[in-house]
Amino acid sequence: MEEFLTLNNQRGIDPITNLLLKDRLERVRQIFRNIEDVAQESGTNLGETVRLVVVVADMKRDRPLVNEIQKEMWGQDGPFPCRTIIQVDYLGDDFIEIDIVVRITAANSVPIEFISPEKSFTPTGTWSLGIKTDTHIFVSGMRGINPETDSLVIGEAPRVRQAFRNMKTIIEAGGGKVTDAIGLVIYAIDEKYLEIIEMLQKDMWGETPLPPVTINIVTALNDNDIVEIEGTFIRT
């Protein structure tokens, strides 16, 4: 089984002064530098990143900063890791925290594969739709974007259904199926959407037992969306 390095709640703290950097862009850059240092100490690097969850205080203000620094770290055209970005109403004295999962490569590890099926939509930032490793498939937070128009589907239930369909498209392009999920993370801006999500998930999974699901009620998602669904799958 592959090994992964998981780091949660990473902040832009200067390791010399042990203080948060004041400049916003520099603080975001410092988060990734700190992560890169730990990754290298663990025998891996940022190029093996399979999952990012970025938590910000202001989506419109902070998301462009993350995109800019990711282009510095991964290159202008990537390829970039899977990513979900959410806004919450409280981060204490900070405006951004990052959770990250990085693969620790072994001698026989094959290069990670970035999944980008023709029938899917175009990523809206510095992230990839899906990533396949030796034993897992990671899917970024999926939203109800119509792949034919690259725009959000109208209507609550149709949009959530499209998010699940987008996830299905990506996992199948990677050689898996949605029922291979070992964990889903649901991000919603209101609890009222949870009933719709549960109904549509049961419809897609059929008779197969549902995987563990983590639910996060957030303040905002990109494009003022209502629901985002992220998944981790085991390769069978």
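These figures come from a predicted structure and were not determined experimentally. Just so you know, the residues in each chain are numbered from 1, in the order the chain's sequence is written. Given that the model is predicted, a residue must reach a pLDDT of at least 70 before its local features are reported, and side-chain atom pairs must reach 80 or more before they are shown or counted; all residues, however, enter totals for whole chains, interfaces and linings. Only hydrogens and water are set aside; all other atoms, that is, all heavy atoms of the structure, feed into the side-chain values.

What follows is about the overall build of the chain. Secondary structure assignment for the chain yields four helices and 13 strands. Its C-alpha radius of gyration of 17 Å places the chain within 12% of the 18 Å reference for a compact globule of 236 residues. Counting only C-alpha atoms, the chain reaches 55 × 45 × 30 Å along its principal axes. Partly exposed residues are those whose accessible area sits between 20% and 50% of the maximum for their type, while under 20% is buried and over 50% is exposed, using a 1.4 Å probe and protein chains only. Split into buried and exposed, the 236 residues of the chain put 51% on the buried side. It only takes one pair of heavy atoms within 4.5 Å for two residues to be counted as in contact. Relative to all contacts within the chain whose residues are 6 or more apart in sequence, the contacts with residues 24 or more apart total 75%. Note on charges: Lys and Arg go in the positive column, Asp and Glu in the negative column, and His and the chain ends are not counted at all. To locate a charge, the coordinates of NZ of Lys, CZ of Arg, CG of Asp or CD of Glu are taken. Looking at charge distribution, the chain has the averaged site of its 24 positive side-chain charges lying 3 Å from that of its 37 negative ones. Helix and strand definitions here come from DSSP, where helices need a minimum of 4 consecutive H or I residues and strands a minimum of 2 consecutive E residues; each element is numbered from the N-terminal end. Only the C-alpha atoms count toward the radius of gyration. The rule for a globule is 2.2 Å times the residue count to the power 0.38.

A few words now on the pattern of salt bridges. Take a side-chain nitrogen of Lys or Arg and a carboxyl oxygen of Asp or Glu: if they are within 4 Å of each other, that pair is a salt bridge. As enumerated under the stated definition, the model contains 17 salt bridges in all. Residue Arg29 pairs with Glu72 through a salt bridge whose shortest N-O separation is 2.7 Å. Here Arg29, found in helix α1 (residues 24-41), pairs with Glu72, found in helix α2 (residues 59-74); they are 43 residues apart in sequence, far enough to count as distant. You can call Arg29 buried: its relative accessible area is 10%. For Glu72, a relative accessible area of 43% gives the class partly exposed. For Asp223, the salt bridge is made with Arg143, and the minimal N-O distance between the two is 3.0 Å.

This paragraph deals with the packing of aromatic side chains. By convention, a stacked pair of Phe, Tyr or Trp rings (six-membered ring in the case of Trp) has centres within 6.5 Å and planes under 30 degrees apart, an edge-to-face pair has planes over 60 apart, and any other such pair is tilted. Evaluated as defined, the whole model comprises four aromatic pairs. On the numbers, 5.6 Å between centres and 70 degrees between planes, the contact of Phe4 with Phe138 is edge-to-face. Of the two residues, Phe4 is situated in strand β1 (residues 3-10) and Phe138 in strand β7 (residues 136-142); the sequence distance between them amounts to 134 residues. In this structure Phe4 comes out as partly exposed when scored by relative accessible area, which is 23%.

Right, let's talk about the sheet that holds strand β2 (residues 49-56) for a bit. Think of it this way: DSSP has to see at least two bridges between two strands before they count as a pair. Overall, mixed pairing links the five strands, which are arranged β1-β4-β2-β3-β12 in an open sheet. In this open sheet, the two edge strands, each paired with only one partner strand, are β1 and β12 (220-221). Bridge count for strand β3 (residues 83-87) against β12 is two bridges, and the pairing is antiparallel. Each bridged residue has a counterpart across the sheet, and for Gln87 the counterpart in β12 is Ala220.

All quantities given are derived from atomic positions and should not be read as evidence of function.
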